[in-house]
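One-letter residues, chain by chain:
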Amino acid sequence: MTTIRTKLRKSSVPGHRGTVVYQIIHRRKVRTISSSVRISLPDWELLHETMEDSSLSGIRTKIECGEHLLHSIVENLEREGRPYTADDIIRLFREGKKSCLFVEFIREESRLMKENGRYGTARNYISTANSFSEYLGNSDLPIQAVTCRIIENYSNWLTERGVCRNSLSFYMRILRAAFNKAVREGLAQQTFPFSNVYTGIERTPKRAVSEETVSTLYRMVLPDRSPLSLARDLFLFSFCTRGMSFVDMAYLKKTDIRRGVIRYRRHKTGQRIEVRLERVISNILDRHIKDSSSYVFPILEDTDSKTAYRRYRSMLRYYNRLLDKLSCMTGTDCHLTSYTARHTWASAARSHGVNLPVISAAMGHTSEKTTSIYLADIDRSLIDSANREIIGRLECAVSS
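Residues numbered from 1 in each chain as written. Predicted model: local features only at pLDDT ≥ 70, side-chain atom pairs only at ≥ 80, totals over all residues. Heavy atoms only, no water.

Draft legend 1. Main features of the overall build of the chain. Counting its secondary structure elements, the chain contains 16 helices and six strands. Over its C-alpha atoms, taken along the principal directions, the chain stretches across nearly 90 × 45 × 40 Å. For the chain, the residues scored as buried account for 44% of the 400 residues in total. Carbon and sulfur atoms provide 48% of the accessible area of the chain, an area that totals close to 21,800 Å². Charged side chains of the chain number 63 positive and 44 negative; the gap between the two group centres comes to 2 Å. (Helix = DSSP H or I, 4+ residues; strand = E, 2+ residues; numbered from the N terminus. Buried < 20%, exposed > 50% of the residue type's maximum accessible area, 1.4 Å probe, protein only. Areas by Shrake-Rupley, 256 points an atom, 1.4 Å probe, with all protein chains shown as cover. Lys, Arg positive; Asp, Glu negative; His and termini not counted. Charge placed at Lys NZ, Arg CZ, Asp CG, Glu CD.)

Draft legend 2. Broad picture of the layout of surface pockets. One number sums up the size of the second largest pocket: a volume of about 470 Å³. When residues of the lining of the second largest pocket are traced back to their parent elements, those giving at least two are α2 (57-80) and α3 (86-98). Top contributing element to the lining of the second largest pocket by residue count: α2, with nine residues. Residue composition of the lining of the second largest pocket, by class: 10 nonpolar, nine polar and six charged. (1 Å grid on protein atoms, 1.4 Å probe; cavity = no way out; pocket = protein on both sides within 12 Å on 5 of 7 lines; lining within 4 Å. Points joined across faces, edges and corners; volume = space filled by probe spheres on them. Nonpolar A, V, L, I, M, F, W, Y, C, P; charged D, E, K, R; others polar.)

Draft legend 3. Representation of the confidence of the model for the chain. Taken as a whole, the chain shows an average pLDDT of 85; of its residues, 92% reach a score of 70 or greater. Mean pLDDT across the secondary structure elements of the chain bottoms out at helix α15 (residues 369-375), with 33, and peaks at helix α9 (residues 227-240), with 96. When the criterion is pLDDT under 50, residues 368-378 qualifies, and its contacts beyond four places in sequence or with other chains add up to 13 contacts. (pLDDT = per-residue confidence, 0-100. Contact = heavy atoms within 4.5 Å.)

Draft legend 4. Local environment of a positive patch on the surface. On the surface, R123, R317, R321 and K325 cluster together into a positively charged patch. Within the secondary structure layout, R123 lies in helix α5 (residues 119-135). Judged by relative accessible area, which is 40%, R123 ranks as partly exposed. (Patch = residues over 30% accessible without salt bridge, like charges linked within 9 Å, V, L, I, M, F, W, Y side chains within 5 Å. Salt bridge = Lys/Arg side-chain N within 4 Å of Asp/Glu carboxyl O.)

Draft legend 5. Here's a closer look at the sheet that holds strand β2 (residues 18-26). A sheet is described by the order of its strands in space; here three strands give the open sequence β1-β2-β3, paired in antiparallel fashion. The sheet is open, and its two edges are formed by β1 (2-9) and β3 (29-39), each paired on a single side. The average angle at which neighbouring strand axes cross in this sheet is 20°, direction not considered. Across the sheet, α2 is in contact with β1, β2 and β3; its angle to β2 comes to roughly 15°. (Pairing = 2+ DSSP bridges. Axes fitted to C-alpha atoms, helices over the stretch in contact; angles between N-to-C directions.)

Draft legend 6. Local environment of the nonpolar core. Ranked by size, the top nonpolar core spans 62 residues in total, and within it F237, F246, I262, F297 and L326 carry the most contacts. Beyond its immediate stretch of four places on either side in the chain, L326 contacts L217, M220, L222, L228, A231, R232 and L336. Grouped together as the second largest cluster of nonpolar side chains are 32 residues, A122, W157, L158 and Y171 included. (Core = buried A, V, L, I, M, F, W, Y, C linked by side-chain atoms within 4.5 Å.)

Quick look at the structure:
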């Protein structure tokens, strides 16, 4: 039988903070190991009150991490069924604190993703690692010390800082993916620490604009080859290609266009998409394709993956600033962003009676279980027909 107690070792200097220690009692042998937590006596007493003080959540988390790691070590030793001592527990505790740290593991995953050209996902992992480390007081914890309570407290910490539910879910899903990979690699046991936190996707405010607004953009007279003209064309191209995302337009190459069809893979999901060239699409392409570049649009300048990704991030910000200016020029209260064209196409398709499975297939959705059943049975001609009808309405609105 092993007993683990957490205590405060007061400082020998009056007024100075004490050190939190873990006392291990095994077979009448008592050993003590110090933690990295320093805390004043009043705060220590506050930690043990019924009412939790959110200002001490980081300290509480650090203490609980150590406690959980010690209990996990004891459970593993008991499971092995071989004799062990209190000194063995302390040795394994020190080894566990030095290796297999969770934030460090996430950062390493991010590094590997960069090596494989997955710069967007790598960036998301780094953002999550930084946020979780900040919650831990700019420190780290062993992977096997990740518990439901720690994750729940992190969720509460994010909420207190005004993080919206979708952003909170974003962090949780990345942490869960990293934790599950660590489990698969044998670095921790599966304890399902994310079972009590939100990992869904909440509906966001409607981002679509009216088809009349799209027609206004289409009719708008802008200086040739100006930044605003390019932004307008990119927006219309996205709308007319069933909501092609900015990243896919940026990386679109001339070799992706053959025999009257644009064929590309979505960067986000890897889904293969085919779009038939309609007259509006061809006119936009004719204005921007240059012989000197392998890309369709003048967004990227280099094929080196790292350089291209940095350029893409910079141009995305610039594109959204230009769309903001175009929003004002429409004379409406609309707010155009790089997502608006995609949402607007889906909204237009739905309003014209295109059924949900066709819309899902047309936009390359892969995560909707309800519609994914039908994807294999949808003839591409139905998708082309739906897109032709929507673009035709745009052309009619302009000519009338």
